[in-house]
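Residues per chain, in single letters:
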Amino acid sequence: MSIAELKHKFMAVKHCEPAEANELLDFARRLYLRGEISLAEYRDLVRELEKAGACQPDEAEEYAGL
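Summarised in this report is the structure supplied together with it. (Residues numbered from 1 in each chain as written. Predicted model: local features only at pLDDT ≥ 70, side-chain atom pairs only at ≥ 80, totals over all residues. Heavy atoms only, no water.)

**As for the packing of helix H1 (residues 3–14) against helix H2 (residues 21–33)**
At step 1: Interhelical geometry of H1 versus H2 gives an angle of 85° and a closest axis separation of 10 Å. Comparing the axis directions of H1 and H2 gives the class roughly perpendicular. When H1 is examined against H2, the residues Leu 6, Lys 7, Lys 9, Phe 10, Val 13 and Lys 14 are found in contact with a partner set consisting of Glu 23, Leu 24, Phe 27, Ala 28, Arg 30 and Leu 31.
At step 2: Its residues placed into classes, the contact of H1 with H2 shows seven nonpolar, no polar and five charged. (Axes fitted to C-alpha atoms, helices over the stretch in contact; angles between N-to-C directions. Helix = DSSP H or I, 4+ residues; strand = E, 2+ residues; numbered from the N terminus. Parallel < 35°, antiparallel > 145°, perpendicular 65-115°, else oblique. Contact = heavy atoms within 4.5 Å. Nonpolar A, V, L, I, M, F, W, Y, C, P; charged D, E, K, R; others polar.)

Now the structure itself:
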């Protein structure tokens, strides 16, 4: 899956454009966890989205409020 395909799927599901690359990264993670994309596709998407400025949250910060 390409970034363009991911963005198109995001817009079809969310009915809006992603505001930033991090939204697409989160969406790709959800697709992977649901088994809708393979690990290889997920890794490629993460790599491309990180080049576009997306960053994965620091796990300590992500779970700090739990």
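**Looking at the nonpolar core**
At step 1: Core analysis: the biggest nonpolar cluster contains 14 residues, and Leu 6 and Leu 49 have the highest contact counts within it.
At step 2: Once residues lying within four places of it in the same chain are set aside, the contact partners of Leu 49 are Ile 3, Leu 6, Ala 21, Leu 24, Leu 25 and Ala 54. (Core = buried A, V, L, I, M, F, W, Y, C linked by side-chain atoms within 4.5 Å. Buried < 20%, exposed > 50% of the residue type's maximum accessible area, 1.4 Å probe, protein only.)

**Quick notes on helix H3 (residues 39–51)**
Since there are 3.6 residues in each turn of an α-helix, residues three or four apart along the chain are aligned in direction.
At step 1: If you check H3, its first and last C-alpha atoms are 18 Å apart, about what 13 residues at 1.5 Å a residue would give, namely 18 Å.
At step 2: Residues of H3 that are buried include every one of Tyr 42, Leu 45, Val 46 and Leu 49, and no others. When H3 is viewed along its axis, its buried side chains cluster within an angular range of 100° and face the same direction.
At step 3: Turning to H3, the residues buried within the fold contact H1 and H2.
At step 4: Gly 53 lies just past H3 and shows a positive phi near 110°. (Expected span 1.5 Å × (residues − 1). Arc of directions from axis to C-beta.)

**Regarding the packing of aromatic side chains**
At step 1: Here the structure, examined in full by the defined rule, presents two aromatic pairs.
At step 2: Their ring planes at 85° and their centres at 5.3 Å tell us that Phe 10 and Phe 27 sit as a pair that is edge-to-face. Of this pair, Phe 10 sits in helix H1 while Phe 27 sits in helix H2, and the two are 17 residues apart along the sequence.
At step 3: With a relative accessible area of 2%, Phe 10 lands in the buried category.
At step 4: Taking 5.1 Å as the distance between ring centres and 15° as the angle between the ring planes, the aromatic pair formed by Tyr 32 and Tyr 42 counts as stacked. Here the residue Tyr 32 occupies a position in helix H2, and Tyr 42 occupies one in helix H3, the gap between them amounting to ten residues.
At step 5: Note on Tyr 32: relative accessible area 30%, which makes it partly exposed.
At step 6: The buried category is assigned to Tyr 42, whose relative accessible area is 13%. (Phe/Tyr/Trp six-rings, centres within 6.5 Å; stacked < 30°, edge-to-face > 60°.)

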